[in-house]
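Residue-level structure breakdown
In case you want the letters, here they are:
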Amino acid sequence: MKEYQLGEFEEVVLLTVAILHEDAYGVSIKEDIESRLERSVSVSALQTALRRMEKKGYLKSEFGEATAIRGGKRKRYFKVTKTGKAALDHSKETKMKLWSAMPDVSYEFSKAWISNGLLPLPGLQDS
């Protein structure tokens, strides 16, 4: 279903919002992605993805209470909607179908390339 298509970064953000559940706001989402995936995330890219997924109906947001720690500024908390859950389910099912359709010979081909130093993928050299 085309309406459930997610970009790679959108999927990462949506999964992270689901993981953080009640504590999913901009900074926590950014820090969690950076910690779990060891990749840097720009605030503008994250904000763009969050807004885009809200427009698609994958996320909804609401402001929390203002706190003195943040100088009276409120945090915007995000939650995954039913449509967002359906998009994640669709993405997972699609990838599982592709992974299960791949013949074992594809792995042997990859191993030969790696052993010949033609495909230096981190983490795959020892398999």
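Residue numbering note: each chain is counted from 1, following its sequence as written. Given that this is a predicted model, residues contribute local features only at a pLDDT of at least 70 and side-chain atom pairs are listed and counted only at 80 or more, while totals for whole chains, interfaces and linings are drawn from all residues. Each side-chain value is worked out from all heavy atoms of the structure, with water and hydrogens disregarded.

**Notes on the side chain of Asp-32**
- Under the DSSP-based scheme used, a helix requires at least four consecutive residues in state H or I and a strand at least two consecutive residues in state E, with every element numbered from the N terminus. Following the sequence through the fold, Asp-32 ends up in helix H2 (residues 26-37).
- A polar side-chain atom of Asp-32 sits 2.6 Å from a polar atom in the side chain of Arg-36.
- With near-sequence residues (within four places) excluded, Asp-32 lies in contact with Thr-16, Ile-19 and Leu-20. Any pair of nitrogen or oxygen atoms within 3.5 Å is treated as a polar contact; in protein, a donor-acceptor pairing is required on top of that, and neighbouring residues in sequence qualify only through side-chain atoms on both sides. Contact definition: two residues touch when any of their heavy atoms are within 4.5 Å.

**Quick look at helix H3 (residues 43-56)**
- Here the expected span of a helix is defined as 1.5 Å times the quantity of residues minus one. Relative to the 20 Å expected for 14 residues at 1.5 Å per residue, H3 spans 20 Å between its end C-alpha atoms, a close match to the ideal helical length.
- Of the positions making up H3, those classed as buried are Leu-46, Ala-49, Leu-50 and Met-53. Mapping the buried residues of H3 onto a view down its axis gives an arc of 100 degrees, with all of them on the same face. Of the exposed residues in H3, those oriented more than 90 degrees away from the buried face are Ser-44, Arg-51 and Lys-55.
- In this structure, the buried side of H3 is in contact with helix H1 (8-20), H2, strand E1 (59-63) and strand E2 (76-80).
- With its phi angle positive at about 85 degrees, Gly-57 sits one or two positions after the end of H3. With a 1.4 Å probe rolled over the protein chains alone, any residue whose accessible area is under 20% of its type maximum counts as buried; one over 50% counts as exposed, and the rest are partly exposed. As used here, the arc belongs to the directions running from the helix axis to the C-beta atoms.

**Points about the environment of Glu-22**
- With respect to the helices, strands and loops of the structure, Glu-22 is situated in the loop between H1 and H2.
- Taking the C-alpha atoms as reference points, Glu-22 and Tyr-77, separated by 55 residues in sequence, lie 7.6 Å from one another.
- The residues touching Glu-22, leaving out its near neighbours within four places in the chain, are Tyr-77 and Lys-79.
- A distance of 3.3 Å separates polar atoms of two side chains, one belonging to Glu-22 and the other to His-21.

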